[in-house]
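Residue-level listing of the chains:
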Amino acid sequence: MSSVNSPVIDYTARDFLTIKAALTNYIKAKFPDTWRDFYSSGMGQCLLDVMAYSMDELSFALDYTANEGFLSTARDRSSILLRSEEHTS
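As a starting point, this report considers the structure included with it. Note that the coordinates shown come from a computational prediction; the quantities given were computed from them, not determined experimentally.

1. Thoughts on the packing of aromatic side chains
Phase 1: A complete count under the given rule lists 2 aromatic pairs for this structure.
Phase 2: The residue whose ring lies beneath Lys28 is Phe38, and the NZ or CZ to ring-centre distance is 5.0 Å.

Listed below in C-alpha cells is the structure:
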C-alpha cells in the first residue's frame with residue numbers, strides 16, 4: 001500500500017553523507033510534527049549520524065562480501081586461493 005506522502009527511498013545511497021541526507025529527508029517527510037531536532041548539536045543529529053554510520057559500514061561489508069564471492073572481483077588472497085581451488089576440484 002502506497003500513500004501520496006510516502007517519500008521515494010533511494011537504495012543507491014551508499015556513502016555516509018548520502019545516507020544521512022536520505023534519512024533526513026525521510027524523517028522530515030514521515031515525521032514532520034514529532035522529529036524536529038535537526039540542529040548540528042542536537043541529540044536528533046547524533047542519532048542520524050549513528051544510523052548513517054551503521055548503514056555505511058553495513059554497505060561496505062555487503063560490497064566486500066559480494067566482491068570476495070567471485071574470482072574475477074576478489075581482492076583478498078585467501079578468497080582467490082579458495083575460489084581457484086573450488087574451480088580445479
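2. Focus: the pattern of salt bridges
Phase 1: The full count for this structure, using the stated rule, is 2 salt bridges.
Phase 2: For Arg14, the salt bridge identified is with Asp63, shortest N-O distance 2.2 Å. Remark: Asp63 occurs in helix 2 (residues 43–68) and Arg14 occurs in the segment before helix 1 (16–30); sequence separation between them is 49 residues.
Phase 3: On the accessibility criterion, Asp63 (34% relative accessible area) is partly exposed.
Phase 4: Two residues, Lys20 and Asp49, come together in a salt bridge whose shortest N-O distance is 2.7 Å. Here Asp49 lies in helix 2 and Lys20 lies in helix 1, a separation of 29 residues in the sequence.

3. Focus: the nonpolar core
When a protein is soluble and globular, its nonpolar side chains tend to lie buried together.
Phase 1: Counting 5 residues, the largest nonpolar core consists of Ile19, Leu23, Ile27, Leu48 and Ala52.
Phase 2: Contributing elements (two or more residues each) for this core: helix 1 and helix 2.
Phase 3: The element best represented in this core is helix 1, accounting for 3 residues.
Phase 4: Beyond its immediate chain neighbours, meaning those up to four positions away, Ile27 contacts Pro32, Trp35, Phe38 and Leu48.

4. Some remarks on helix 1
Residues lying three or four places apart along an α-helix face the same way, a consequence of the helix completing one turn every 3.6 residues.
Phase 1: Between its terminal C-alpha atoms helix 1 stretches 21 Å, which fits the 21 Å expected from 15 residues at 1.5 Å a residue.
Phase 2: Along helix 1, the residues that are buried comprise Ile19, Lys20, Leu23, Thr24 and Ile27. Down the axis, helix 1 shows its buried residues gathered within 135° of arc, on one side only. Exposed positions of helix 1 whose direction lies more than 90 degrees from the buried face are Leu17 and Asn25.
Phase 3: Structurally, helix 1 contributes buried residues whose contacts are with helix 2.

Conventions and cut-offs
- Residues numbered from 1 in each chain as written.
- Predicted model: local features only at pLDDT ≥ 70, side-chain atom pairs only at ≥ 80, totals over all residues.
- Heavy atoms only, no water.
- Phe/Tyr/Trp six-rings, centres within 6.5 Å; stacked < 30°, edge-to-face > 60°.
- Lys NZ or Arg CZ within 6 Å of the ring centre and 35° of its normal.
- Salt bridge = Lys/Arg side-chain N within 4 Å of Asp/Glu carboxyl O.
- Helix = DSSP H or I, 4+ residues; strand = E, 2+ residues; numbered from the N terminus.
- Buried < 20%, exposed > 50% of the residue type's maximum accessible area, 1.4 Å probe, protein only.
- Core = buried A, V, L, I, M, F, W, Y, C linked by side-chain atoms within 4.5 Å.
- Contact = heavy atoms within 4.5 Å.
- Expected span 1.5 Å × (residues − 1).
- Arc of directions from axis to C-beta.

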